[in-house]
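# Structural features, examined
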Amino acid sequence: MIWKILICSLALMDFKAANTLFDAGKFAEAAAAYEKIEPKSAHVFFNLGNAYYRTGELGRAALNYERARQLSSNDPDILANLRFAEERLNVADANVSPQPVVRLVRSVAESRTVTQWSRYEVVGIWLTIGLVAAAIWWPRWRGGLVILAAGAGLFWVGTTGLLVYRRMQRPAAVVLATKVEARFAPLADATVHFQLGEGAKVFICEDRGQWWWVERADRQRGWVRADGLERVGKP
């Protein structure tokens, strides 16, 4: 416990030092300082994204805004800056599914973290159980309690479904190179299927070391060199 407090205190000191560099306009130095902070919070990733944005490394800015969003899904500043960086890179539309239903489900699922959905699921379970028990013990109010229990059950099922969706999502990655070619096979001389621009977000379907089989938001898939992208989360 003491070590955790000490680590958090040191991280806070490093965070303040990095902020001082950022405020002084030393954005490259600030980015390097933010990179060294461990563990990184949503605030650290957000400020790191801002530092990279100021140095003109928009792909890395988008990557770190995405990482910040993973930890704080509904923070308006994170969402706004991520959208702005994607628009500057002309990938904002390419990073969302063209299918309305898929876009809606993904948007709702990603509006909360896995931890938050887990908490909602537990609330749904206990609320359903409590209302069912109340309906059994108080027959006089059974009709209304059954309706409430059904609503709580739907909430439980819905949150469970969204939690499963989040947990089953393939690992995401962001393109950092100016252009990455996606090929039909994991070979340097294979035919190019499509191209990905800096800031494009993809999902990794298969990892073969130097080659990743990735999927775009429109479900198109291809093999790309891994050195042109970086995972959003830890491998």
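Note that this is a predicted model, so its numbers are computed, not measured. Position labels on residues start from 1 in each chain and follow its written sequence. Thresholds applied to this predicted model are a pLDDT of at least 70 for local features of residues and 80 or more for the giving and counting of side-chain atom pairs; totals over whole chains, interfaces and linings are not thresholded and use all residues. For the side-chain quantities, the full set of heavy atoms in the structure was used; hydrogens and water were omitted.

## A short note on the packing of aromatic side chains
- Aromatic rings from Phe, Tyr and Trp, with only the six-membered ring used for Trp, were paired whenever their centres fell within 6.5 Å, and each pair was classed as stacked if the ring planes differed by under 30 degrees, edge-to-face if by over 60, and tilted otherwise. By the definition in use, this model includes 6 aromatic pairs.
- Ring geometry for Phe15 versus Tyr34: centroids 6.1 Å apart, planes at 55 degrees, classification tilted. Of this pair, Phe15 sits in helix H1 (residues 2-23) while Tyr34 sits in helix H2 (residues 27-36), and the two are 19 residues apart along the sequence. Exposure class is identical for Phe15 and Tyr34. Each is buried.
- Both rings, one in Phe46 and one in Tyr65, keep their centres 5.9 Å apart while their planes meet at 45 degrees; by these two values the pair is tilted. With Phe46 in helix H3 (residues 42-54) and Tyr65 in helix H4 (residues 58-71), this pair connects stretches of sequence that are 19 residues apart. Here Phe46 matches Tyr65 in class, with each residue buried.
- Lysine NZ or arginine CZ positioned within 6 Å of the ring centre and within 35 degrees of the ring normal marks a charge as sitting over the ring. Directly above the ring of Phe194 sits Arg216, whose terminal nitrogen or CZ lies 4.2 Å from the centroid.
- Across the ring face of Trp212, the terminal group of Arg231 is positioned such that the distance to the ring centre comes to 5.3 Å. Strands are runs of DSSP state E lasting at least 2 residues, helices are runs of H or I lasting at least 4, and numbering of each runs from the N terminus. Three exposure classes are used, based on accessible area relative to the maximum for each residue type with a 1.4 Å probe and protein chains only: buried under 20%, partly exposed in between, and exposed over 50%.

## Quick notes on the pattern of salt bridges
- Any Lys or Arg side-chain nitrogen located within 4 Å of an Asp or Glu carboxyl oxygen qualifies as a salt bridge. Tallying each qualifying case throughout the model produces 13 salt bridges.
- The partner of Lys201 in a salt bridge is Glu66, and the shortest N-O contact between them spans 3.2 Å. Taken together, the positions of Lys201 in strand S4 (residues 201-207) and Glu66 in helix H4 put the pair 135 residues apart, joining distant regions of the chain. With respect to class, Lys201 is no different from Glu66; both count as buried.

## Examining unusual backbone geometry
- A cis amide bond, omega -10 degrees, links Glu38 with the succeeding residue Pro39.
- In this fold, Pro39 is placed in the loop between H2 and H3.
- One non-glycine residue, Asn90, lies in the positive phi region at around 60 degrees.
- Of note, Asn90 is situated in the loop between helix H5 (76-88) and helix H6 (100-109).
- Exposure remark for Asn90: the relative accessible area of 69% places this residue in the exposed category.

## A word on the confidence of the model for the chain
- Each residue gets a pLDDT score, which is the predictor's confidence in that residue and runs from 0 to 100. Confidence in the prediction of the chain, expressed as mean pLDDT, is 92, and 94% of residues score 70 or more.
- Should any heavy atoms of two residues lie within 4.5 Å, those residues are counted as being in contact. Within the model, pLDDT remains below 50 along residues 2-9, and this stretch shows 2 contacts once partners closer than five positions in the same chain are excluded.

## A word on the packing of H4 against H5
- As a rule, the C-alpha atoms of each element are fitted with a line to give its axis, helices using only the stretch in contact, and angles between N-to-C directions run from 0 to 180 degrees. Relative to each other, H4 and H5 sit at 150 degrees, their axes nearing to 9 Å. Compared by their axis directions, H4 and H5 come out roughly antiparallel. Like other packed secondary-structure pairs, H4 and H5 cross with a definite hand, here left-handed. From H4, Leu58, Ala62, Tyr65, Glu66, Ala68 and Arg69 reach across to H5, where they touch Ile78, Leu79, Asn81, Leu82, Ala85 and Arg88.
- For this scheme, ten residues count as nonpolar: Ala, Val, Leu, Ile, Met, Phe, Trp, Tyr, Cys and Pro. Four count as charged, namely Asp, Glu, Lys and Arg, and the remainder, Gly too, count as polar. Tallied by class, the residues present in the contact of H4 with H5 amount to 8 nonpolar, 1 polar and 3 charged. Orientation is classified from the angle alone, with under 35 degrees giving roughly parallel, over 145 giving roughly antiparallel, 65 to 115 giving roughly perpendicular, and any other angle giving oblique. In this scheme, a crossing is called left-handed if the near helix is turned counterclockwise away from the far one by less than a right angle; it is called right-handed if the turn is clockwise.

## Brief notes about the layout of surface pockets
- If you add up the space inside the largest pocket, you get close to 480 Å³.
- Residue lining of the largest pocket: 19 residues in total, with Arg69, Leu82, Asn95, Val96 and Glu110 positioned closest to the centre.
- Elements with a contribution of two residues or more to the lining of the largest pocket: H4, H5, H6 and S4.
- In terms of residues, the lining of the largest pocket owes the most to one element, H5, which gives 4 residues.
- Each residue belonging to the lining of the largest pocket can be placed in one class, and the counts come to 6 nonpolar, 5 polar and 8 charged.
- Residues are said to line a cavity or pocket when one of their atoms sits within 4 Å of a point; the points come from a 1 Å grid over protein atoms alone, cavities being sets where a 1.4 Å probe fits but cannot get out and pockets being open sets with protein on both sides within 12 Å along at least five of seven lines. Grid points are joined across faces, edges and corners, and a volume is the space filled by probe spheres set on the points. One number sums up the size of the second largest pocket: a volume of about 360 Å³.
- Taken together, 20 residues make up the lining of the second largest pocket; nearest its centre are Gln70, Arg166, Gln169, Val232 and Gly233.
- Classifying every residue of the lining of the second largest pocket gives 7 nonpolar, 5 polar and 8 charged.

## Some points on H2
- Within H2, the full set of buried residues consists of Phe27, Ala30, Ala31, Ala33 and Tyr34. End-on view of H2: buried residues confined to an arc of 165 degrees, all on one side of the axis. Working definition: the arc comes from the directions between the helix axis and the C-beta atoms, pointing outward to the latter.

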